[in-house]
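Next come the chains, spelled out residue by residue.
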Amino acid sequence: MKIRAKKSLGQNFLVDIDALIAISSATEITEKNIVEVGPWYGALTDFLLQENPKKIDLVELDSDMIAILRGKMITDWADFSDRITLHHADVLKFSPNFEKYSLIANIPYYITSPILFHFLYPQNFAVPEEMVILMQKEVGEKILATKGKKTQHSYFSLAMWLACENIEKICLVPSESFDPAPKVDSIVLKFFPKKNRDIDTDLQKLEFWDKIFKHPRKTLAFNLKSAGIFDEKILENLKNLWYSEQVRAEAIRLEDWDQILDFLKNLKN
């Protein structure tokens, strides 16, 4: 049976064996709980099962792919049937039942950001211990947030780094690795979420960053004024951190934001 990609669901099937191996070997699988988002017809799942997971939850939205996956559970994956749970679900409405698990996803480009926020800032389930995500190269580079030797953060990249101890590049995946081939290349990133986070406090920081990245090409001082939270003393604080008065929010290092936020908080008190 010819499996056809659905443009409406942003499907581009990863068919390159080296890329599939790179993703499946990017984190420890053996005897661990795995959530795979967007298994489609199970190409990556085949490799994950070879690594002997304890349990694996497959989350798939496409009804046609669900039928294919159910068939594979009876045939190719019969020896693993007691370990596999298939969820016909929208991942943004899905809550894993595991307390500890790793997330692996080869997902449509258009839903990358919502999925990352869903799993890094959950309200009713545990954050993954690790995440291995294939995404559009440009999006991955924004998350890594460097241009040459300069910091170049966005609201999105700050949100990712706030939630993670580290984010590593695993490999690049050229467009010809897919069928049909997309117009852009991809990248695989591995996320190491922080332990014992206060997510409510992190969400407060995100609310603040959302305000000051409204005009990313303007200075931090301009955006603070636009948000109604500027004080002349903030310029002195920026100088103490070795920033110019004309610095943009994107150039602030992650480690300096806590001091800036504390300074602004003290100005209110």
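Draft legend 1. Summary view of the side chain of Lys205. Assignment of secondary structure puts Lys205 in helix H7 (residues 199–212). Leave out the neighbours within four places in its chain, and Lys205 touches Leu162, Asp258 and Leu261.

Draft legend 2. Representation of the pairing of strand S11 (residues 186–193). A large share of S11 lies buried, amounting to 7 of its 8 residues. Strand direction decides the pairing type here: strand S6 (residues 130–136) and S11, joined by 6 bridges, are antiparallel. Counted as the bridge partner of Gln136 is Ser186 from S11.

Draft legend 3. Quick peek at the pattern of salt bridges. Evaluated as defined, the whole model comprises 10 salt bridges. A salt bridge links Glu130 to Lys190; its shortest N-O distance comes to 3.8 Å. Taken together, the positions of Glu130 in strand S6 and Lys190 in strand S11 put the pair 60 residues apart, joining distant regions of the chain. A relative accessible area of 16% places Glu130 in the buried class. Residue Arg253 is joined to Glu255 by a salt bridge in which the shortest nitrogen-to-oxygen separation is 3.8 Å. What makes Arg253 partly exposed here is its relative accessible area of 31%. Here Glu255 falls in the exposed class, since its relative accessible area comes to 58%.

Draft legend 4. Geometry of the packing of helix H6 (residues 155–163) against H7. In contact at an axis separation of 10 Å, H6 and H7 are set at 165° when each is read in the N-to-C sense. Here H6 lies roughly antiparallel to H7, going by the angle between them. In this structure, H6 meets H7 at a crossing whose hand is right-handed. Contact residues: Tyr155, Leu158, Ala159 and Leu162 in H6; Asp202, Lys205, Leu206, Trp209 and Asp210 in H7. Partitioning the contact of H6 with H7 into residue classes produces 6 nonpolar, no polar and 3 charged.

Draft legend 5. Molecular detail of the sheet that holds strand S3 (residues 55–60). Spatially, 7 strands are ordered S4-S3-S2-S5-S6-S11-S9 in an open sheet, and the strand pairing comes out mixed. Edge strands, defined here as strands with exactly one partner in the open sheet, are strand S4 (84–88) and strand S9 (164–173). Each neighbouring strand pair of the sheet contributes to a mean axis angle of 20°, computed without reference to strand direction. Pairing of S9 with S11 involves 8 bridges; the strand directions are antiparallel. Looking across to S11, one finds that Ile167 is bridged to Phe191. Against the sheet, helix H1 (residues 17–24) makes contact with strand S5 (102–106), S6, S9 and S11, and its axis sits at roughly 165° relative to S9, the strand it touches most. Relative to the sheet, H6 contacts S9 and S11, its axis offset from that of S9 by approximately 120°.

Draft legend 6. View of the nonpolar core. Ranked by internal contacts, the top residues of the largest apolar core, which has 55 residues, are Ile143, Met160, Phe191 and Trp257. Per-element tally for this core: the top contributor is H6, with 7 residues. Membership of the second largest hydrophobic core comes to 26 residues, among which are Ile56, Leu69, Trp77 and Val173.

Draft legend 7. How the structure looks around the packing of aromatic side chains. The full count for this structure, using the stated rule, is 7 aromatic pairs. Centre to centre, the rings of Phe117 and Tyr155 are 6.3 Å apart; their planes meet at 15°, and the pair counts as stacked. One end of the pair, Phe117, is in helix H4 (residues 112–120); the other, Tyr155, is in helix H6, and 38 residues separate them in sequence. Take Tyr155: its relative accessible area is 25%, and that puts it in the partly exposed class. Three or more aromatic residues link up through ring pairs in this structure, and these residues are Phe117, Tyr121, Tyr155 and Phe156. Geometry around Tyr121 places Arg197 over its ring, the cationic atom sitting 4.9 Å from the centre.

Draft legend 8. Broad picture of helix H9 (residues 233–240). Among the residues making up H9, those that are buried are Ile234, Leu235, Asn237 and Leu238. For H9, the angular spread of the buried residues around the axis is 160°, confining them to a single face. Looking at H9, the residues exposed on the side facing more than 90 degrees away from the buried face are Lys233, Glu236 and Asn240. With its phi angle positive at about 70°, Trp242 sits one or two positions after the end of H9.

Thresholds, definitions, all that
Residues numbered from 1 in each chain as written. Predicted model: local features only at pLDDT ≥ 70, side-chain atom pairs only at ≥ 80, totals over all residues. Heavy atoms only, no water. Helix = DSSP H or I, 4+ residues; strand = E, 2+ residues; numbered from the N terminus. Contact = heavy atoms within 4.5 Å. Buried < 20%, exposed > 50% of the residue type's maximum accessible area, 1.4 Å probe, protein only. Pairing = 2+ DSSP bridges. Salt bridge = Lys/Arg side-chain N within 4 Å of Asp/Glu carboxyl O. Axes fitted to C-alpha atoms, helices over the stretch in contact; angles between N-to-C directions. Parallel < 35°, antiparallel > 145°, perpendicular 65-115°, else oblique. Left-handed = near helix turned anticlockwise from the far one by under 90°. Nonpolar A, V, L, I, M, F, W, Y, C, P; charged D, E, K, R; others polar. Core = buried A, V, L, I, M, F, W, Y, C linked by side-chain atoms within 4.5 Å. Phe/Tyr/Trp six-rings, centres within 6.5 Å; stacked < 30°, edge-to-face > 60°. Lys NZ or Arg CZ within 6 Å of the ring centre and 35° of its normal. Arc of directions from axis to C-beta.

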